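What follows is the residue order along each chain.
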Amino acid sequence: MTELICIVCPKGCHLCVDEENGYAVKGNSCDRGEEYGKREVQNPVRVLTSTVYVEGAGGRCCPVKTSEAIPKKDIFRAMAELKGLTVQAPVKTGDVIVKNVCGSGADWIATKDMK
């Protein structure tokens with residue numbers, strides 16, 4: 001039995017997920033909590049945020065994020081893809097900085113315009 005706190009809404013329901021009983025979820029107050037509990041135990045994923053250095057932008061960094069959630073087991077490898085990376089100005093919101101993060105299909109994308 002795995003205990004979790006649901007993060008889908010501000011309620012923060014205390015969930016119990018029974019892996020031995022078809023991932024049955026108890027403690028949720030909505031269907032979204034049940035779905036979250038099952039997914040979190042079977043295949044946890046996260047959207048990551050970070051920054052990259054932008055050459056030609058006065059020594060500033062551009063915030064980036066993954067375009068979709070990636071497997072939690074790949075977080076450190078995904079962050080390593082950005083280590084030492086420099087991009088050229090201008091950068092626009094939504095520009096792809098790195099394609100296919102750790103083979104997940106998600107991309108690192110810019111979240112701010114940098115001139």
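Residues numbered from 1 in each chain as written. Predicted model: local features only at pLDDT ≥ 70, side-chain atom pairs only at ≥ 80, totals over all residues. Heavy atoms only, no water.

Undergrad: Is there a simple way to explain empty space enclosed by the protein in this structure?
TA: Counted under the stated rule, the structure contains 1 cavity of 30 Å³ or more. By volume, the largest cavity amounts to about 40 Å³. Contributing to the lining of the largest cavity are C6, V8, C9, C13, S29, C30 and G33. Of the residues belonging to the lining of the largest cavity, the class tally is 5 nonpolar, 2 polar and no charged. (1 Å grid on protein atoms, 1.4 Å probe; cavity = no way out; pocket = protein on both sides within 12 Å on 5 of 7 lines; lining within 4 Å. Points joined across faces, edges and corners; volume = space filled by probe spheres on them. Nonpolar A, V, L, I, M, F, W, Y, C, P; charged D, E, K, R; others polar.)

Undergrad: Mind showing me how you'd approach the environment of V47 here?
TA: Relative to the elements of secondary structure, V47 occurs in the loop between β4 (45-46) and β5 (49-55). The spatial distance from the C-alpha of V47 to the C-alpha of K65 is 7.0 Å, given a sequence separation of 18 residues. The residues touching V47, leaving out its near neighbours within four places in the chain, are T66, E68 and A69. (Helix = DSSP H or I, 4+ residues; strand = E, 2+ residues; numbered from the N terminus. Contact = heavy atoms within 4.5 Å.)

Undergrad: What should I look at first to understand the side chain of E40 in this one?
TA: Mapping E40 onto the fold places it in helix α1 (residues 31-42). Looking at E40, the relative accessible area reads 12%, which means it is buried. A polar contact is formed between the side chain of E40 and the side chain of R46, at a distance of 2.8 Å. For E40, the contacting residues outside a window of four places in its chain are L4 and R46. (Buried < 20%, exposed > 50% of the residue type's maximum accessible area, 1.4 Å probe, protein only. Polar contact = N/O pair within 3.5 Å; in protein donor to acceptor, adjacent residues only side chain to side chain.)

Undergrad: Sorry if this is basic, but what is going on with the nonpolar core here?
TA: Residues V52, V54, C62, A78, V91, I97 and W108 are the most contacted members of the largest nonpolar core, which totals 20 residues. Going through the elements one at a time, β5, β6 (61-66), α2 (75-80), β9 (96-98) and β10 (108-110) are the ones with two or more residues in this core. Residue contacts for V52: discarding those within four places in its chain leaves R60, C61, C62, V64, L82, L85, V87 and I97. Ranked by size, the runner-up nonpolar core spans 7 residues in total, among them C6, C13, L15 and V25. (Core = buried A, V, L, I, M, F, W, Y, C linked by side-chain atoms within 4.5 Å.)

Undergrad: Please clarify how the pairing of β6 should be interpreted in this entry.
TA: On β6, burial follows the alternation: C62, V64 and T66 on one face are buried, whereas C61, P63 and K65 on the facing-out side are not. Note that β5 and β6 share 5 bridges and pair antiparallel. Bridged to T51 within β6 is P63. Remark: 5 residues form the turn of the hairpin made by β5 and β6, two consecutive strands paired antiparallel; G56 in that turn has positive phi of roughly 90°. In terms of strand pairing, β6 meets β10 through 3 bridges, oriented antiparallel. Within β10, the residue paired with V64 across the bridge is A110. (Pairing = 2+ DSSP bridges.)

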